[in-house]
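Coordinate analysis (summary)
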Amino acid sequence: MPVTSVFISSTSADLREHRAAVRESLLHAGYHPIDMADFMARAEGATTACLNEVAESDLFVGIYAWRYGFMPPDSKISITEQEFEEARLLEKPCFCFMVEEGYDWPVQFKEEGKGAELLKKFKARLDATLVRTTFTTPDSLARKVLSSLARWDDRQRAGRARDRVRSG
């Protein structure tokens, strides 16, 4: 049985510990996490590398706090938002997690200005598009990611079982 690959999308410096906790929990649960930390050197640019990895993954996990992320000079949206857009375009199941609104967050990782405005719009669009949940600590995020994926896996298995009964 093939291992389910999970693309982990987020900004980098502010969510390093959160990403590591999610990655570790996915590995222990038998998933194959795809994380920018594993990309190694490539002949392609960062945007292309990220979008190619999204395309090759089975599932998409988006983790969002208070940074919008890097915007390439020729783009109107960040690479982080582009990853989500690519996952939706390719009809990947998307699971999104946002830091709790009132949770204490280091001020150096809270973006202001244009980035903050774009992040606010992106989060509002996520809220209008899908059901998401919140997190606080790296461990709370890892638990919620695994719970969400386990629930999705259970529903997929149940759907396949119903299809076998109907066709049998």
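Residues numbered from 1 in each chain as written. Predicted model: local features only at pLDDT ≥ 70, side-chain atom pairs only at ≥ 80, totals over all residues. Heavy atoms only, no water.

Here we take up the confidence of the model for the protein. Mean pLDDT over the protein: 90, with 90% of residues reaching 70 or higher. Within the protein, the lowest mean pLDDT, 84, falls on helix α5 (residues 138-167), and the highest, 98, falls on strand β3 (residues 59-64). (pLDDT = per-residue confidence, 0-100. Helix = DSSP H or I, 4+ residues; strand = E, 2+ residues; numbered from the N terminus.)

The next thing to look at is the sheet that holds strand β5 (residues 133-135). Strand order in this open sheet of five strands is β2-β1-β3-β4-β5, and the pairing throughout is parallel. Since the sheet does not close on itself, it has two edges, and those belong to β2 (32-34) and β5, each with one partner. Across the sheet, the axes of successive neighbouring strands diverge by a mean angle of 30°, strand direction being ignored. Where strand β1 (residues 5-9) and β2 come together, three bridges link them in parallel fashion. Directly across from Val6, in β2, lies its bridge partner Pro33. On top of the sheet, helix α1 (residues 16-28) reaches β1, β2, β3 and β5; it is set at about 175° to β1, its chief contact. (Pairing = 2+ DSSP bridges. Axes fitted to C-alpha atoms, helices over the stretch in contact; angles between N-to-C directions. Contact = heavy atoms within 4.5 Å.)

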